[in-house]
Amino acid sequence: MADSNTTFQPFIPASQEIPEFSVKALILGALFGILFGAVTVYLGLRAGLTVSASIPIAVLSISLLRIFGRGTILENNIVQTTGSAGESVAAGVIFTLPALIFLGFPLEYTRIFLLALIGGWLGILFMIPLRRQLIVKEHGNLTYPEGTACADVLVAGEKGGSFAGRVFAGLGIGGVYAFLMHAMKFWPTTPEYRPSWFTGASVKAEVTPEYLGVGYIIGPKVAGTIFAGGVFSWLLMIPAIKFFGGMLPEPLYPGTIPIAEMTPNQIWASYIRPMGAGAVAAAGLITLMRTMPTIINAFKAGVKDLSARKGGAAQVLTRTENDLPMNVVMIGSIALVLVIWGLLTFAPIPGADTGVLANLLSALLVVVFGFLFVTVSSRIVGLIGSSANPVSGMTIATLMATCALFLIAGWTGGAYSALAITIGGVVCVAAANAGATSQDLKTGFLVGATPYKQQLGLMVGVMASVFVIGLTLIMMNEGLAEYRPTQMPFDPEAPPQGVQIESRAFQHEGTNYYLINAIGSRTIPDGKFLYNPASGQIEIQWIQGIGSERAAAPQARLMATVINGILNQQLPWGLVLLGVFLVVAVELLGVRSLAFAVGSYLSIGTTLAIFCGGIVRWMAEGKGGDHGEGEVSSGSLYASGLIAGGGIFGLAAIGIALLEQSGVLTEGAFELGPSVLGSLTESHIFSVFMFLLLAASLYYYAKKRITTK
């Protein structure tokens, strides 16, 4: 394996000193980290997908730094390096920590902040000793497609290329569209058609700009595979369940009402989600096993390189070879592990107290799995890009190993479920951020950046983004929540298995209720309910925003399913196994199953909208329109703007709803649509028409060529 650094010359030579780690670059990068961290939480909880932020940040940086005087290429690189950390940390958080809700525990801002910070910084620290091996020595073998594309954008911007107009156009149009739809209610968000001639079937699309943009970026092949999973669930399985189960007079577990009385959404929630969780788990593990040779080779190479560096003589490093020193890595890693132990020991999750030994084991497992999967993640994204990085599969493996150890030790209570997801959450954030860090370091290697300055920038980006990631999670959980009237018998003195009373003094609209949490019960659906002691009935179902159809959080639901299945044995195994063997069948057909499995779990409203974006790309670029995220084009830049605009103004609409609920704003203050358009605001046809107009704008910009000077 040759050391490519002896022949490769970066864009800015090691001997040349130009402004790089400037205050304006750090501030702008931190602001982008905050922005894209929040947008990634919004998008990932709703669609189960995230997209790389490095290229749109680089494009915007080139334009915005010119306002403060022309920035250098290395300053622009620091901006995108710092800003992209927000997206990767947010991805790791949303794939795991919302599982606390599904396990019956609260989301706490401080806990999310600390776990995200620890995982993000561990991902950076563990990558420092691996940079020379993976980024430099294997320059010819590991391409890091997003990092290479980002370097191309930075070099083109330095030479006079202009791309920012496409991103700003998408951000503006997508933002206005999202605000008119979500906040001002000019047209329905989810047009739906339920054919009377096909009982149980439902065709709908959540016509948002972010889904359209995601579909365009991932391309028609992946978007089509995701939609195929949606078609299987919503146009095959749900009608089949309705057809065969409609004659049953009693509820069929895990459902709690007869199938004949269920809507397609209720069938999806009761039967399709467990099956989809099994499918995603199997697909993640298959992806992980497929990359096992890469994992083993990456780990061996990393250990070998570390040993060689430790035993070698000290050498004078040039500017482009200068990493943060190893004592920073060691001391920083130990300090973060001690923080994990202290957090678990002295500030445990409410209702999840665990012993000192269990907490110490958890901290050690974070180190072991963290370093292993940081190495794996970095090499995998170097080969196939960040989009195909099986972070969820690595997290499943972490959870399965952790839960198996807990099971051997006899630690099977609910508290250990929270402990397991804490370990998985930190490892997932570390692995996700390591993948993005590798792409950024590759970009820096190509343009001639100083490694330790990039590593410091990444730490700043993590610190900035974690302030908003927890806030966005909690805001979406509360802003998308619903209180639905229901009537169910319940005896608080003898609650059924899987049901616990969390509070006997829960206030809602001036009435005192008992707050009930159900997980794996055969009589009460999973979720939270309000029991009125005066009437002796459960009167309200409190549907949390996260886990609902509007924020399905498929990966987090999967993590909760894995933990419950191993530690608590509370799992509808028949449905889970259906999902597992569905994935096996798809793999036997020669189709990569992870995208299909995610599509089978999500609402068809999400998968159809994403598929529309893929169709636009196919129309604009033909058979060549399937390059993925590592490719820069006019359409992909405009689509990135749609994602950012839709996410920002979608979050703004949720914020307005929360302000209305708290009485700060008058209810319906922004809902001008009905007074302007009348009954047209309820027309599903009009909603589809507006989405087609948005798709036409994407097609228009995709066909326009990027001009360079």
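Residues take numbers from 1 onward in each chain, read along the sequence in its written order. Local features in this predicted model are restricted to residues whose pLDDT is 70 or higher, and side-chain atom pairs enter the listing and the counts only when it is 80 or higher, whereas totals over whole chains, interfaces and linings include all residues. The side-chain values count all of the structure's non-hydrogen atoms but skip hydrogen atoms and water molecules.

A.B. asks: I'd like a rundown of the packing of helix H21 (residues 634-661) against helix H23 (residues 684-703), residues and numbers included.
C.D. replies: Here an angle of 0 to 180 degrees is reported between the N-to-C directions of two axes, which are lines fitted to C-alpha atoms, with helices fitted over the stretch in contact. Helical segments are the DSSP runs of H or I of at least four residues, strand segments are the runs of E of at least two, and each set is numbered from the N terminus. Across the interface, H21 lies against H23 with an axial gap of 7 Å and an inter-helix angle of 145 degrees. Residues Ser 634, Gly 635, Tyr 638, Ala 639 and Leu 642 of H21 lie in contact with H23, whose contacting residues are Leu 694, Ser 697, Leu 698, Tyr 701 and Ala 702. Three classes are used: nonpolar for Ala, Val, Leu, Ile, Met, Phe, Trp, Tyr, Cys and Pro, charged for Asp, Glu, Lys and Arg, and polar for all others, with Gly counted as polar. Counted by class, the contact of H21 with H23 contains seven nonpolar, three polar and no charged residues. Working rule for contacts: check all heavy atoms of both residues, and any pair within 4.5 Å makes them a contact.

A.B. asks: Describe in detail the environment of Leu 480, supporting the description with residues and values.
C.D. replies: Summarising the element assignment, Leu 480 is placed in the loop between helix H16 (451-479) and strand S3 (482-489). Judged by relative accessible area, which is 6%, Leu 480 ranks as buried. In this structure, the C-alpha to C-alpha distance between Leu 480 and Gly 545, residues 65 residues apart in sequence, is 4.2 Å. For every residue, the accessible area (1.4 Å probe, protein chains only) is compared with the maximum for its type, and the residue is labelled buried under 20%, exposed over 50%, or partly exposed between those bounds.

A.B. asks: Give a description of the sheet that holds strand S5 (residues 511-518) that names residues and reports values.
C.D. replies: Strand pairing requires that DSSP identify at least two bridges connecting the strands. Taken in spatial order, the five strands line up as S3-S7-S6-S5-S4 in an open sheet, and their pairing is antiparallel. Each of the sheet's edge strands pairs with one partner strand only, and the pair in question is S3 and strand S4 (499-508). Direction aside, the axes of adjacent strands within the sheet are offset by 30 degrees on average. The pairing of S3 with strand S7 (residues 537-543) spans six bridges and is classified as antiparallel. Along S7, the bridge assignment pairs Pro 485 with Ile 540.

A.B. asks: Describe the environment of Ala 335, naming the residues involved and giving the relevant values.
C.D. replies: On the secondary structure map, Ala 335 appears in helix H12 (residues 326-346). Ala 335 sits in the partly exposed class, given a relative accessible area of 37%. Ala 335 sits 217 residues away from Ile 118 along the chain, and the two C-alpha atoms are 9.7 Å apart.

A.B. asks: Before we move on, could you go through the packing of helix H5 (residues 109-127) against H12 and cite the residues and values that matter?
C.D. replies: Helix-helix packing: each pair is described by the crossing angle between the helix axes and the interaxial distance. The N-to-C vectors of H5 and H12 enclose an angle of 155 degrees; their axes lie 10 Å apart at closest approach. Put simply, H5 runs roughly antiparallel to H12. As H5 runs across H12, the sense of the crossing is left-handed. On the side of H5, the interface is formed by Arg 111, Leu 114, Leu 115, Ile 118, Trp 121, Leu 122, Leu 125 and Phe 126, while H12 contributes Val 328, Val 329, Gly 332, Ser 333, Leu 336, Val 339, Ile 340 and Leu 343. Angular relationships are summarised with four words: roughly parallel below 35 degrees, roughly antiparallel beyond 145, roughly perpendicular across 65 to 115, and oblique for the angles in between. Left-handed describes a crossing whose near helix is turned anticlockwise from the far helix through less than a right angle; right-handed describes the clockwise counterpart.

A.B. asks: I'd like a rundown of the nonpolar core, residues and numbers included.
C.D. replies: Residues grouped as a nonpolar core are buried Ala, Val, Leu, Ile, Met, Phe, Trp, Tyr and Cys residues, joined through side-chain atoms within 4.5 Å. Leu 45, Val 93 and Met 476 are the most contacted members of the largest nonpolar core, which has 203 residues in total. Top contributing element to this core by residue count: helix H15 (residues 414-447), with 19 residues. Excluding its chain neighbours within four sequence positions, the residues that come into contact with Val 93 are Pro 98, Ile 112, Ala 116, Val 429, Ile 469 and Leu 473. Ranked by size, the runner-up nonpolar core spans 10 residues in total, among them Val 499, Tyr 514, Ile 516 and Phe 529.

A.B. asks: How would you sum up the packing of aromatic side chains? Please name residues and give values.
C.D. replies: The aromatic pairing rule takes the rings of Phe, Tyr and Trp, using the six-membered ring of Trp, and pairs them if the centres are within 6.5 Å, calling planes under 30 degrees apart stacked, those over 60 edge-to-face and the rest tilted. Using the criterion set out here, one finds 23 aromatic pairs in the structure. Here the aromatic rings of Trp 197 and Phe 198 are separated by 6.2 Å at their centres, their planes lie at 10 degrees, and the arrangement is stacked. When its relative accessible area of 66% is taken as the criterion, Trp 197 is described as exposed. When its relative accessible area of 30% is taken as the criterion, Phe 198 is described as partly exposed. Ring plane angle 90 degrees and centroid distance 5.0 Å describe the contact between Phe 243 and Phe 244, whose orientation is recorded as edge-to-face. For Phe 243, a relative accessible area of 61% puts it in the exposed group. We classify Phe 244 as exposed; its relative accessible area is 62%. Among the aromatic residues, ring-to-ring pairing joins Tyr 109, Phe 113 and Phe 467 into one connected group. Placement of a positive charge over a ring is assigned whenever Lys NZ or Arg CZ falls within 6 Å of the ring centre and within 35 degrees of the normal to the ring plane. Taking the ring centre of Trp 268 as reference, the NZ or CZ of Arg 273 above it sits at 5.1 Å.

A.B. asks: Explain H16 residue by residue, including any values.
C.D. replies: Its 29 residues give H16 an end-to-end C-alpha distance of 41 Å, which sits within 8% of 42 Å, the value for a rise of 1.5 Å per residue. Fitting axes to the seven residues ending at a residue and to the seven starting there, one defines the bend at that residue as the angle between these axes. Approximately 30 degrees is the largest bend angle found in H16, and it occurs at Ser 465. Where burial is concerned, most of H16 is hidden: 21 out of the 29 residues are buried. To estimate how far a helix should extend, the number of its residues minus one is multiplied by 1.5 Å.

Shape descriptors only; they carry no functional weight alone.
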